[in-house]
Amino acid sequence: MEQKGDFEHGKVGRLILSQAVPLTIAQFVQVIYNIVDRIYLGHLPGEEVGAALTGVGLVFPIITLIAAFTNLLAMGGTPLCAMARGKHDEDRAKRIEANVLSLQILMGVVLAILAFLTMKPALYLLGASDITYTYAREYLQIYLLGTVFFTIGSGMNGFINLQGFAGIGMCTTIIGAVINLILDPVFIFGFDMGVRGAALATVISQSVSCIWVIAFLFGRKTVIKLRVTDLFRFDFVLIKKIVSLGMAGFIMAASNSTVQAVCNKTLSIYGGDIYIGVMTIINSVREIIGLPINGITGGSQPVISFNYGARKYVRVRQGIRFTAEVGFGYTAVMWALIMIFPMFFLRLFSSDQTLIAAGHEPILIYFAAFFMMSFQFAGQSTFVALGKSKQSIFFSMLRKVIIVVPLTIILPMIPAIGVYGVFLAEPVSNVLGGLASFLTMYFTVYRKMS
């Protein structure tokens, strides 16, 4: 039944796990793709490691913003294209795909040029010092050369999946991750290129993924037959619909960039380069340990959505409970491990003893209420599954922008807290944002489906 997308039969928990496991594996590959640079750079010999890791951390907000613009088109175009195919309107589906591809190409070129032109003031605005700016610039200069490869490869991969070629779509990520994993040590250590080697490995891996995607979209196996002559024939009515539908994902991704930028700038004022390096490690740890909870909530959405559409409200409630209980159990275990073994997680990303020592208290503070994140995820994923995107966006913005950003700026001003206030903003937002999201979902959705 589940292979046909029928989630009305069978145990809800098993159905959610059947969706969550492959999703988690795919996300794991994507995260490894993203953080492998940091792992290698965190183990550079000598004093270079701290500055190199911090320099790469400074460019995160820029990279995140590029990804946000990419997702604006991808998350708006793929569902529209899928709907058109569902209505057997292949011409409309083709025009949507061609418009998105054309826009991704233009977006990649424009974003790269803008980032090049504003690189120095932007990096200093994000908290770079004279030392770390050199490493950030070296990484970003090369990384931006592959911007158009990223916007095409990442932004168009969803069009492979919606045509029923999930395996080929997964290979896009796997191929890039494997190439990046192999080339990183070769360029960083073998050719002694440092951060430039990490960036070059990323660009090459992105270019190969891009070629893979383009080869499929213009190849024989594809269902939607694209031709070069289809490109840059803009339909502004379609573009408006694509952008409006993708705006929710864009806002959520852009808010991540804002939080990263504010954290880095505040850390540069109250703690200096060393604490930006610490935050880079902590963000990397969070990306890894957050994978299963993302997989569980992502896997629950199609199951909850299907049963909500079928008016099987008892099964919808079962899905919500399962997601919340498993999510809380997992985050509680990870919270305990970090509280007991914080040094293990720090050493995973760096061999710099100064950096590790500075990160001991911040990592304990940052993850102090990590288990409360499960309520944030359960609430938001339920709103998304039920088609309530406005509520999902609001609670994401509430935690990240309304709570985290002001606290990140205000708490360090208190002398007794100082730089630790930047890290303290996270657990406070986990408690307030998590409870607000979950309780609102419980009283406005869950109880009404009794």
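Shown above is the structure to which this text applies.
Residues numbered from 1 in each chain as written. Predicted model: local features only at pLDDT ≥ 70, side-chain atom pairs only at ≥ 80, totals over all residues. Heavy atoms only, no water.

*Asks:* How would you explain the overall build of the protein chain if you had to name every residue and give the values?
*Replies:* Scanning the protein chain from N- to C-terminus turns up 18 helices and zero strands. Relative to the globule expectation of 22 Å for 450 residues, the C-alpha radius of gyration of the protein chain, 22 Å, shows essentially globular dimensions. Expressed as lengths along the three principal axes of its C-alpha atoms, the size of the protein chain is roughly 60 × 55 × 35 Å. A total of 450 residues make up the protein chain; the buried ones form 52% of that total. Taking contacts inside the protein chain between residues at least 6 apart in sequence as the whole, the part at least 24 apart equals 81%. Summed over all atoms, the accessible surface of the protein chain reaches about 19300 Å², with 68% contributed by carbon and sulfur. When the 33 basic and 22 acidic side-chain charges of the protein chain are each reduced to a single mean position, those positions are 14 Å apart. (Helix = DSSP H or I, 4+ residues; strand = E, 2+ residues; numbered from the N terminus. Rg over C-alpha atoms; globule rule 2.2 N^0.38 Å. Buried < 20%, exposed > 50% of the residue type's maximum accessible area, 1.4 Å probe, protein only. Contact = heavy atoms within 4.5 Å. Areas by Shrake-Rupley, 256 points an atom, 1.4 Å probe, with all protein chains shown as cover. Lys, Arg positive; Asp, Glu negative; His and termini not counted. Charge placed at Lys NZ, Arg CZ, Asp CG, Glu CD.)

*Asks:* Any details on the nonpolar core? Residues and values, ideally.
*Replies:* Side chains of a nonpolar character, in soluble globular proteins, are inclined to be buried together. Ranked by internal contacts, the top residues of the largest apolar core, which has 95 residues, are Leu-123, Tyr-139, Phe-367 and Phe-423. Setting aside residues no more than four positions away along its own chain, Phe-367 makes contact with Ile-282, Val-285, Arg-286, Ile-289, Trp-335, Ile-338 and Met-339. Ranked by size, the runner-up nonpolar core spans 19 residues in total, among them Ile-320, Phe-375, Ile-403 and Met-449. (Core = buried A, V, L, I, M, F, W, Y, C linked by side-chain atoms within 4.5 Å.)

*Asks:* Describe in detail helix α16 (residues 373-385), supporting the description with residues and values.
*Replies:* The first and last C-alpha atoms of α16 sit 18 Å apart over 13 residues, in line with the 18 Å expected at 1.5 Å per residue. Most of α16 is tucked away, with 11 of its 13 residues classed as buried. Taken residue by residue, α16 has Met-373, Ser-374, Phe-375, Gln-376, Ala-378, Gly-379, Gln-380, Ser-381, Thr-382, Phe-383 and Ala-385 as its buried positions. Elements that come into contact with the buried residues of α16 comprise α10 (236-270), α12 (291-309), α13 (313-340), α17 (389-410) and α18 (420-446). Phi turns positive, to about 80 degrees, at Gly-387, one or two residues after α16. (Expected span 1.5 Å × (residues − 1).)

*Asks:* Quick one: what's the story with unusual backbone geometry, residue by residue and with numbers?
*Replies:* Phi is positive for Asp-192, close to 55 degrees, though the residue is something other than glycine. Position of Asp-192 among the secondary structure elements: in the loop between α8 (166-190) and α9 (195-217). Given a relative accessible area of 63%, Asp-192 falls into the exposed group.

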